[in-house]
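Chain by chain, the residues:
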Amino acid sequence: MKLIIQIPCYNEAETLEVALNDLPTHIDGIDEIEYLIINDGSRDNTVEVAKRWGVDHIVNFKQNQGLAKGFIAGLDGCLRCGADIIVNTDADDQYKGADIEKIVRPILNGDADMVIGARPIDETEHFSYIKKKLQHLGSWSVRRASNTNVPDAPSGFRAFSREAAMKLNVVNDYTYTLETIVQAGRENIPMMSVPIRTNAELRPSRLFKSMWGYVKKSILTILRAYVMYKPLKAFTLISLPFIFIGTGIGVRFLYYVSVGRSGGHIQSLILGCTLIIIGFLIFVIGILADTIASNRRILQDVQFHVKSIEYGREPRMEAPLFTEEREVLKRIK
């Protein structure tokens, strides 16, 4: 059983060694622990610090690609190196390395494929009052969108089984934390949270330049993820106000017609018909988006099997393959 701990890095030379020194070297049930950093176009000597410390693997970007792309590149690198479990943590030593055992234990026990460390947000001193409230609000929104009970959605301290890592996709350029929860919840990937501890702040967060920017990007990420995984429901909810208001205006016009006072209300009839047409078109878009989402799920299944073959390991099946499918996989190999 191999565990690889990955750390996304962008100009982290000052704090990386502190974070690395805090990582565990042995966990019961784990035969081998390796370390991987994602150098996201750093302009300082982050890579030199990592090499001097003895990091096993380095994924290099020539220029900054953002946290989301770095995270996915890290997962790919860990899978290629044969990881059975992948842990993602931060280079600023925000999370206590000793708690890595807590987040990998449910995977080792077969209770989950994705585990998220829940920070004590209300007890974290360097979080402002507004940030604490926004963290709770964001986590509540993600729980509603993903149909899960994750208490700390923005937490980047996570563990993934090999199967879960091969299923995850991130399409936004901002952050992986919110979208992966929505995806896992909607794709029924077994997921749970465990309480963790945090260290004192070594440097301010670089993920967002202002609180408003963080809120705006988080809202857009949640909405985009929800529309991607539940398009028919999302577009139906958007279309209903247009249809109801348009129908109400139409009923009002019919009432005036019945009492002989329809004159002067033609504009209302036009408005009502326009709103109904708009609502119907939005609903049709939802049907088309749902069809596209069905094709995306098929492509995700194909991608999962291709990754299983590429990374040199058969996927874990819930049910046996049919004979024809088994023969196809053998021919591909």
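See above for the structure.
Everything numeric here is computed off the predicted structure, so don't read it as measured data. (Residues numbered from 1 in each chain as written. Predicted model: local features only at pLDDT ≥ 70, side-chain atom pairs only at ≥ 80, totals over all residues. Heavy atoms only, no water.)

Caption draft 1: Main features of the environment of valine 142. With respect to the helices and strands, the residue valine 142 is situated in helix H5 (residues 129-146). Under the relative-accessibility criterion, valine 142 is labelled buried at 1%. Residues valine 142 and glycine 185, 43 residues apart in the sequence, show an inter-C-alpha distance of 9.7 Å. If we ignore the near neighbours within four places in the chain, the residues touching valine 142 are Asn147, Ala153, Leu178, Ile181, Val182 and Ile222. (Helix = DSSP H or I, 4+ residues; strand = E, 2+ residues; numbered from the N terminus. Buried < 20%, exposed > 50% of the residue type's maximum accessible area, 1.4 Å probe, protein only. Contact = heavy atoms within 4.5 Å.)

Caption draft 2: Main features of the sheet that holds strand S5 (residues 114-118). Spatially, the seven strands line up as an open sheet ordered S3-S2-S1-S4-S6-S5-S7, and their pairing is mixed. The sheet terminates laterally at strand S3 (57-61) and strand S7 (191-195), the two strands that pair on one side only. The sheet shows a mean angle of 20° between the axes of neighbouring strands, taken without regard to direction. The pairing of strand S4 (residues 85-88) with strand S6 (residues 158-161) spans four bridges and is classified as antiparallel. Within the sheet, the bridge partner assigned to asparagine 88 lies in S6 and is arginine 158. Its contacts with the sheet put helix H7 (residues 177-186) on S5, S6 and S7, and the angle it makes with S5 is roughly 135°. (Pairing = 2+ DSSP bridges. Axes fitted to C-alpha atoms, helices over the stretch in contact; angles between N-to-C directions.)

Caption draft 3: Focus on helix H3 (residues 67-80). Under the 1.5 Å per step criterion, the end-to-end length of H3 is 20 Å for 14 residues, consistent within 8% with the ideal 20 Å. Of all the residues in H3, the buried ones are Ala68, Gly70, Phe71, Ala73, Gly74, Leu75, Gly77, Cys78 and Leu79. Within two residues after H3, glycine 82 carries a phi angle of roughly 85°, on the positive side. (Expected span 1.5 Å × (residues − 1).)

Caption draft 4: A look at the pairing of S4. Of the two faces of S4, the one carrying Ile85 and Val87 and the one carrying Ile86 and Asn88 are both buried. Where strand S1 (residues 2-9) and S4 come together, four bridges link them in parallel fashion. Of the residues in S4, the one forming a bridge with leucine 3 is isoleucine 85.

Caption draft 5: Representation of the pattern of salt bridges. The final tally for this structure, using the stated rule, is five salt bridges. Between arginine 80 and aspartate 76 there is a salt bridge, with the nearest N and O atoms lying 2.9 Å from each other. With arginine 80 and aspartate 76 both in helix H3, this residue pair falls four residues apart, about one helical turn. Aspartate 99 is paired through a salt bridge with arginine 197; the nearest N and O atoms lie 3.0 Å apart. Taken as a pair, aspartate 99 in the loop between S4 and helix H4 (100-108) and arginine 197 in the loop between S7 and helix H8 (211-229) lie far apart in primary sequence, 98 residues in all. On the basis of relative accessibility, which here comes to 42%, the residue arginine 197 falls in the partly exposed class. (Salt bridge = Lys/Arg side-chain N within 4 Å of Asp/Glu carboxyl O.)

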